[in-house]
Amino acid sequence: MTRTEPFEHHPDRYDQWFDRHSAVFAAEVRALRALLPRADRGLEVGVGTGRFAQALGVREGVDPAPEMRRRARQRGVRVRDGTAEALPYDDEQFDVALLVTTICFVDDVEKSLAEIHCVLVPGGALLVGMVDRESPLGKEYEDKKEGHSFYHVAHFHTATEVVRRMRAVGFDDFAFRQTLFHPLDDVEEEEPVKAGHGEGAFIAIRGDKRKVGARGGAREARRAHAEGRDSG
């Protein structure tokens, strides 16, 4: 089973979860918005049904699941077919990219982050939104993965792991917001958003693409490096 299959088969269940947990969704949006820069052109990678893109004013998205793309279009998002590991865009097209509740589903984290780095302009920002594996909610999801409609194919990460991988492909100047400090059923409309990470279950991480030395041939250089490594 591919990691996209649950989203192809259960789009209703995906949307219904957010309908039932509207306060959770609102808190996650506030955490992301606190780090979102002003941007002329934004992209959400793994846009799903377009909930986060719509809420955050991001007008373009990419997703491999046809039904998710259809629903995102209904929310006004321009969507293309594709995966995080092979984005269907030229280099240096976007000012900001979102990767929200998606990094746990990609097949290759490093390649996905490197692809996003390529399509951002120098000085552009990547916002990752994720459930921290070390939080109570992350541990609960890990314990119950086998029976979960979506998370049985997920691989959860810590904020520290994600920052290390973002830094490795050329992001720096990191900033953090965290929220969801209570069990999901106890989350109310005014769930706080705080700086840092390590307490809240949902972490928003912003990393900026370095302006110096960021241009030119990034994808080609990476592929040549991978080919040399594989042949060595």
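Here, the structure is the one placed above.
The structure displayed is predicted, hence computed values, not measured ones. (Residues numbered from 1 in each chain as written. Predicted model: local features only at pLDDT ≥ 70, side-chain atom pairs only at ≥ 80, totals over all residues. Heavy atoms only, no water.)

Student: It is not clear to me how the pattern of salt bridges should be interpreted in this structure. Could you clarify?
Tutor: Where charged atoms from two side chains of opposite charge approach closely, those side chains can pair. For the coordinates displayed, the defined rule picks out 14 salt bridges. With its nearest N and O atoms 2.9 Å apart, the salt bridge here joins Asp208 to Arg206. The same class applies to Asp208 as to Arg206, namely buried. Within this structure, Asp15, Asp19, Arg51, Glu67, Arg70, Arg71 and Arg75 form a network of salt bridges that share partners. (Salt bridge = Lys/Arg side-chain N within 4 Å of Asp/Glu carboxyl O. Buried < 20%, exposed > 50% of the residue type's maximum accessible area, 1.4 Å probe, protein only.)

Student: What's the story with the sheet that holds strand β8 (residues 202-209) in this structure? I'm lost.
Tutor: Consider a sheet: its strands pair through backbone hydrogen bonds, and that pairing is either parallel or antiparallel. Reading across from one edge, β3-β2-β1-β4-β5-β8-β6-β7 is the order of the eight strands in this open sheet, with mixed pairing throughout. Bordering the open sheet on either side are β3 (78-81) and β7 (194-195), each of which pairs with just one other strand. Of the pairings in the sheet, the one linking strand β6 (residues 171-179) to β8 comprises seven bridges and is antiparallel in character. Each residue of the ladder has a partner; that of Phe171, found in β8, is Lys209. In this fold helix α5 (residues 66-74) packs onto β2 (60-63) and β3, with an angle of close to 165 degrees to the strand it touches most, β3. Across the sheet, helix α6 (residues 109-119) lies against β1 (42-45), β4 (94-100), β5 (120-131), β6 and β8, angled at about 145 degrees from β5, the strand it touches most. (Pairing = 2+ DSSP bridges. Helix = DSSP H or I, 4+ residues; strand = E, 2+ residues; numbered from the N terminus. Contact = heavy atoms within 4.5 Å. Axes fitted to C-alpha atoms, helices over the stretch in contact; angles between N-to-C directions.)

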